[in-house]
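Results of the structural survey
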Amino acid sequence: SCAIAFEHVTHRYPHAVAVDDVSLRVEPGETVALIGPSGCGKSTLLKLAAGLVWPQQGTVFVTDRALAPDNLLEIRHRIGYVIQSGGLFPHMSAVDNVTLAARFLKRDRQWIADRVAELAELVQLPRDALERFPNNLSGGQRQRVSLMRALMLDPAVLLLDEPLGALDPMVRHGLQEDLRRLFQRLRKSVLLVTHDMAEAAFFSQHIVLMREGQVVQRGSYRDLI
Ligand code: ADP
Ligand code: ADP
């Protein structure tokens, strides 16, 4: 069984082969760090796993099921996705962003309130920050809110695209520690993109190096250096 698997996956944009015959697995509970230079296809690989783009060749599996148009909505609920800028809707308060999908799914109001409280504590977001709009949050708080939104429906899989990339070094360091503790506690399957080798090594023993759309190396930090 696997949390995420790519089997010979290729994705081309009109002028670029972003992902070129990639095979890769993330086992349940494991964190895999994906690293490589800008433009090598890391974001596209995450978008493939989130069903935001489709492969021209190969198959993407999430929680052992092949992604297909007719099961995409169902499988999406097993995925939490966080991007570098947070991707929060600017015209909604933090709490409205976090609860959007749950309200859409008509989850019980008390369940939603309890879940928000639980997640705010988990990601260490001050309660008053929940009522603010994204523009009135610090960069670190925005990423914490984005993480809450990703975790709201308790997905099996987290896709994190440079989640700390927009933060200044001090904030970044603090959030790195918090995130690692979170992954260990939640036992989620995580595919994390970073361009920072130290960060990759900090989060995982399983580092995958990409270049020009292909996986060129994989192993621990010691294997790679
Ligand atoms: P990374 O995340 O490693 O920076 P990306 O997956 O964003 O890499 O991009 C891989 C390649 O695909 C690059 O050459 C990029 O310019 C191209 N690309 C990414 N997104 C698009 C798009 N929406 N349309 C066309 N080309 C794209
Ligand atoms: P990242 O590499 O972190 O994904 P980029 O700045 O490369 O960030 O891309 C930002 C957005 O622009 C993404 O949604 C990506 O798909 C899109 N994009 C990237 N390269 C191209 C491209 N060559 N043509 C069109 N869209 C692109």
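Owing to the predicted nature of the structure, the values given are computational and were not obtained by experimental measurement.

A word on the confidence of the model for the protein
Overall, the prediction assigns the protein a mean pLDDT of 93, with 100% of residues at 70 or greater. At the level of individual helices and strands, the protein shows its lowest average pLDDT in helix H6 (residues 169-186), which scores 88, and its highest in strand S1 (residues 4-13), which scores 98. This complex was scored by the predictor with a pTM of 0.89 and an ipTM of 0.74.

Focus on the layout of surface pockets
Volume-wise, the largest pocket comes out at about 710 Å³. As for the largest pocket, its lining consists of 23 residues, and the residues nearest its centre are Arg76, Ile79, Tyr81, Ala101 and Arg149. Elements represented by at least two residues in the lining of the largest pocket include exactly helix H2 (72-76), strand S6 (79-83), helix H3 (94-104) and helix H5 (139-151).

Let's talk about the packing of aromatic side chains
One pass over the full model with this rule turns up two aromatic pairs. Where phenylalanine 183 meets phenylalanine 203, the ring centres are 5.6 Å apart and the plane angle is 45 degrees; that geometry is what we call tilted. Residue phenylalanine 183 is located in helix H6, and its partner phenylalanine 203 is located in helix H7 (residues 197-203); the two are separated by 20 residues in the primary sequence. The burial state of phenylalanine 183 is the same as that of phenylalanine 203; both residues are buried. Summarising the aromatic geometry, the rings of phenylalanine 202 and phenylalanine 203 are spaced 5.4 Å apart at their centres and angled 85 degrees between planes, so their arrangement reads as edge-to-face. Judged by relative accessible area, phenylalanine 202 falls into the buried class, the value being 18%.

Examining the sheet that holds strand S5 (residues 65-66)
If you walk across this open sheet you meet the four strands as S2-S1-S4-S5, and the pairing is antiparallel. Edge positions in the sheet fall to strand S2 (16-26) and S5, since each of these pairs with one other strand and no more. Here helix H1 (residues 42-49) sits on the sheet in contact with S1, S2 and strand S4 (57-62), set at roughly 120 degrees to S1.

What to know about the sheet that holds strand S8 (residues 189-194)
Pairing in this open sheet of six strands is mixed, and the strands run S6-S7-S8-S3-S9-S10 from one edge to the other. Edge positions in the sheet fall to S6 and strand S10 (214-219), since each has one partner strand and no second. Neighbour to neighbour, the strand axes of the sheet diverge by 15 degrees on average, direction disregarded. Strand direction decides the pairing type here: strand S7 (residues 157-161) and S8, joined by five bridges, are parallel. Paired with leucine 159 across the strands is leucine 191, a residue of S8. Taken strand by strand, H5 contacts S6 and S7, and its axis lies near 160 degrees from that of S6. Strands strand S3 (31-35), S7 and S8 of the sheet are contacted by H6, whose axis makes an angle of about 160 degrees with S8.

A few points about the site of ligand 1
All residues adjacent to ligand 1 are Tyr13, Ala16, Ala18, Pro37, Ser38, Gly39, Cys40, Gly41, Lys42, Ser43 and Thr44. Cysteine 40 places a polar main-chain atom, nitrogen or oxygen, 3.1 Å from an oxygen atom of ligand 1. At 2.6 Å from an oxygen atom of ligand 1 is found a side-chain nitrogen or oxygen belonging to threonine 44. Within the complex, 60% of the 560 Å² of free accessible area of ligand 1 lies under protein.

A few points about the side chain of serine 189
Note that serine 189 resides in strand S8. By relative accessible area, which is 4% here, serine 189 ends up buried. Leaving out residues up to four positions away in the same chain, serine 189 has contacts with Ala3, Val26, Glu27, Pro28, Gly29, Glu30, Ala156, Val157 and Leu158.

Parameters and conventions
Residues numbered from 1 in each chain as written. Chains lettered and ligands numbered in written order. Predicted model: local features only at pLDDT ≥ 70, side-chain atom pairs only at ≥ 80, totals over all residues. Heavy atoms only, no water. pLDDT = per-residue confidence, 0-100. Helix = DSSP H or I, 4+ residues; strand = E, 2+ residues; numbered from the N terminus. 1 Å grid on protein atoms, 1.4 Å probe; cavity = no way out; pocket = protein on both sides within 12 Å on 5 of 7 lines; lining within 4 Å. Points joined across faces, edges and corners; volume = space filled by probe spheres on them. Phe/Tyr/Trp six-rings, centres within 6.5 Å; stacked < 30°, edge-to-face > 60°. Buried < 20%, exposed > 50% of the residue type's maximum accessible area, 1.4 Å probe, protein only. Pairing = 2+ DSSP bridges. Contact = heavy atoms within 4.5 Å. Axes fitted to C-alpha atoms, helices over the stretch in contact; angles between N-to-C directions. Near = heavy atom within 4 Å. Polar contact = N/O pair within 3.5 Å; in protein donor to acceptor, adjacent residues only side chain to side chain. Areas by Shrake-Rupley, 256 points an atom, 1.4 Å probe, with all protein chains shown as cover.

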